[in-house]
Amino acid sequence: MKIKGAGAAGGFREPSAALALMPVAVLLCAMALLLVFGGAGAVQDYSPWLLLGSGVVAAVAAVAVCRCPLANLWGGLRRSGSQIVPSIPILLLIGTVSATWMLSGVVPVLIDCGLKVLNPALFLFTACAISAVISVLTGSSWTTIATIGVALMGIGTVMGYSAGWVAGAIISGAYFGDKLSPLSDTTVLASSSCGVELFRHIRYMMLTSAPAMALALGVFAVVGLVGDYGAAESRGELAAGLADTFNLTPWLMAVPLATGLMIAFRVNSYLTLAASSLLGLTAMFVFQPQVVEALDGGSALTAIKVLATSTQLATGSELLDSLVATGGMEGMLPTVLLVTCAMVFGGVMIGSGMLRSITGALTKRIKTSRSTVAATVASGLALNAYTGDQYLSIILSSNMFRPMYESNGLERRLLSRTVEDAVSVTSVLIPWNSCGLTQATVLGVATLTYLPYCVFNIVSPLMSLAMAWAGIRIRRVVPGRA
């Protein structure tokens, strides 16, 4: 996994683990200070600049101390960019889907149905379960959260749950489903990178994922049952406000149904999200003429405004006003900025050899299955933080540990499962990771606010460690074989 040209030419020497940890320490210390003095919101706002600054620190240290060639840094940036840049159009399209589904009445219809049908005491349990099922069917946690997750967020807020609990339940379910879906790109990537057949990989993941999900559902059920949620007055008030603002016709369900069919037939993600946005936009003009008139007097520029910029509707209810406000592509620009800065930081860490030094220090003298799994989990979490991207972290973790698992006589499926437990589900917990900021933006809840309530995402890597420690279904194989 060395970057081309990263040898000893030109006097370049590999950075020590201590030097490699310096930019990481700068980043984490700055984040901690921001959290203490500015709160979770400040961390969300300033993460891009902290990542960029830490990347500059890493580049200066690599060039000044290790005489790292600029070509190496550029190679790292290209490698990081090849994984991250393709996600930018998807981020912008998620912004358009969220806006058009809200203003067309799709999300309001889902919220209205949820308020009438869902039991407030079991709402968190139900939200987690629904998100899991939708995510298994779609293979995408991002799509699940940007569509049904937004509706569930509105329902839970009205029922009196804190934003952190609602977001935690939605994210837990969405990432469980994404992890176990054969349609998921991260699941396919993890299994293929480790050389494991897809369904064998999924079946083996159930050993850690099923108990983690059962624990999460249990926690969400208990929280709902012991709390006092779902005041009928507030629910009735919001339902009336939605009916006054939108035409809540069941025909609007054709939009999510068509989107679901495109996903089921595995239509390209870009095309699916773009088509879903256009369907939502068309439904807005057909079913919500009063909303079109309120937005921009019904001019031809209304469509562009909805897709590209933030919008506000005056409904007479402060809660409903905040619920139906949309951001469009403009609302996703902070996420795009963070993704770009994370790409710079991760690229410098890769190209300078600092990432290799850190992971090398973690993997020395590892022989037992327990220590191998523990090192994989630790490296996966660290890579999520260093690179700011789950795809790059999955690829690096798989390539880095695959020879070690083989030489230690451990199954490749143990590696693929551990990579998923440590990388795929924890990326959403890091404020400067593309997953963390995307879901924070879509749900309107800061990453560090929902982090403590993402029970499944927190328990998954711990469950992987527990299974390794107990030796459950971990068997030795002949070195060099799966």
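Look above for the structure.
We now turn to the structure provided with this report. Computed from a predicted model, the values in this text were never measured in an experiment.

### Topic: unusual backbone geometry
When glycine is set aside, most residues are seen to have a negative phi, and most peptide bonds are trans.
Thought 1: Residues other than glycine seldom take positive phi values, yet Arg67 does so here, at roughly 55°.
Thought 2: Position of Arg67 among the secondary structure elements: in the loop between helix H1 (17-66) and helix H2 (70-84).
Thought 3: The exposure class assigned to Arg67 is exposed, which follows from its relative accessible area of 56%.

### Concerning a nonpolar patch on the surface
Thought 1: Judged by side-chain polarity, Leu122, Phe125, Val222, Leu225 and Val226 come together as a nonpolar surface patch covering roughly 450 Å² of accessible area.
Thought 2: It is helix H9 (residues 198-226) that contributes the most residues to the nonpolar patch, 3 residues altogether.
Thought 3: Among the structural elements, Val226 can be located in helix H9.
Thought 4: Residue classification places Val226 among the exposed residues on the basis of a relative accessible area of 66%.

### Quick word on the side chain of Thr326
Thought 1: Relative to the helices and strands, Thr326 is located in the loop between helix H15 (318-324) and helix H16 (328-351).
Thought 2: In terms of polar contacts, Thr326 uses its side chain to reach the side chain of Thr311, at 2.4 Å.

### Let's talk about the packing of helix H4 (residues 106-117) against helix H6 (residues 141-158)
Thought 1: Here H4 crosses H6 at 45°, and the two axes come no closer than 9 Å. On the basis of their axis angle, the class for H4 and H6 is oblique. Considering how the two elements wind past one another, H4 and H6 form a crossing that is right-handed. Counted together, Val107, Leu110, Ile111, Gly114 and Leu115 of H4 and Ile148, Val150, Ala151, Gly154, Ile155 and Val158 of H6 form the full contact between these two elements.
Thought 2: Split into classes, the residues belonging to the contact of H4 with H6 amount to 9 nonpolar, 2 polar and no charged.

### Quick word on the nonpolar core
Thought 1: By size, the foremost hydrophobic cluster in this structure holds 88 residues, and its most contacted members are Ile111, Phe123, Leu124 and Tyr175.
Thought 2: Beyond its immediate chain neighbours, meaning those up to four positions away, Tyr175 contacts Ser141, Trp142, Ile145, Ser424, Val425, Ser427, Val428, Cys435, Gln439, Phe456 and Asn457.
Thought 3: If you look at the next biggest cluster of nonpolar residues, it comprises 59 residues, including Val24, Cys66, Leu338 and Cys341.

### Details of the pattern of salt bridges
Thought 1: With the rule as written, the count across this model stands at 3 salt bridges.
Thought 2: Where Glu411 meets Arg200, a salt bridge forms, and the shortest distance between an N and an O atom there is 3.4 Å. Remark: Arg200 occurs in helix H9 and Glu411 occurs in the loop between helix H19 (390-407) and helix H20 (412-424); sequence separation between them is 211 residues.
Thought 3: Assessed through its relative accessible area of 1%, Glu411 is described here as buried.
Thought 4: In this structure, Arg413 engages Glu411 in a salt bridge whose closest nitrogen and oxygen atoms are separated by 3.0 Å. In this pair, the class of Arg413 matches that of Glu411, namely buried.

Parameters and conventions
- Residues numbered from 1 in each chain as written.
- Predicted model: local features only at pLDDT ≥ 70, side-chain atom pairs only at ≥ 80, totals over all residues.
- Heavy atoms only, no water.
- Helix = DSSP H or I, 4+ residues; strand = E, 2+ residues; numbered from the N terminus.
- Buried < 20%, exposed > 50% of the residue type's maximum accessible area, 1.4 Å probe, protein only.
- Patch = residues over 30% accessible without salt bridge, like charges linked within 9 Å, V, L, I, M, F, W, Y side chains within 5 Å.
- Areas by Shrake-Rupley, 256 points an atom, 1.4 Å probe, with all protein chains shown as cover.
- Salt bridge = Lys/Arg side-chain N within 4 Å of Asp/Glu carboxyl O.
- Polar contact = N/O pair within 3.5 Å; in protein donor to acceptor, adjacent residues only side chain to side chain.
- Axes fitted to C-alpha atoms, helices over the stretch in contact; angles between N-to-C directions.
- Parallel < 35°, antiparallel > 145°, perpendicular 65-115°, else oblique.
- Left-handed = near helix turned anticlockwise from the far one by under 90°.
- Contact = heavy atoms within 4.5 Å.
- Nonpolar A, V, L, I, M, F, W, Y, C, P; charged D, E, K, R; others polar.
- Core = buried A, V, L, I, M, F, W, Y, C linked by side-chain atoms within 4.5 Å.

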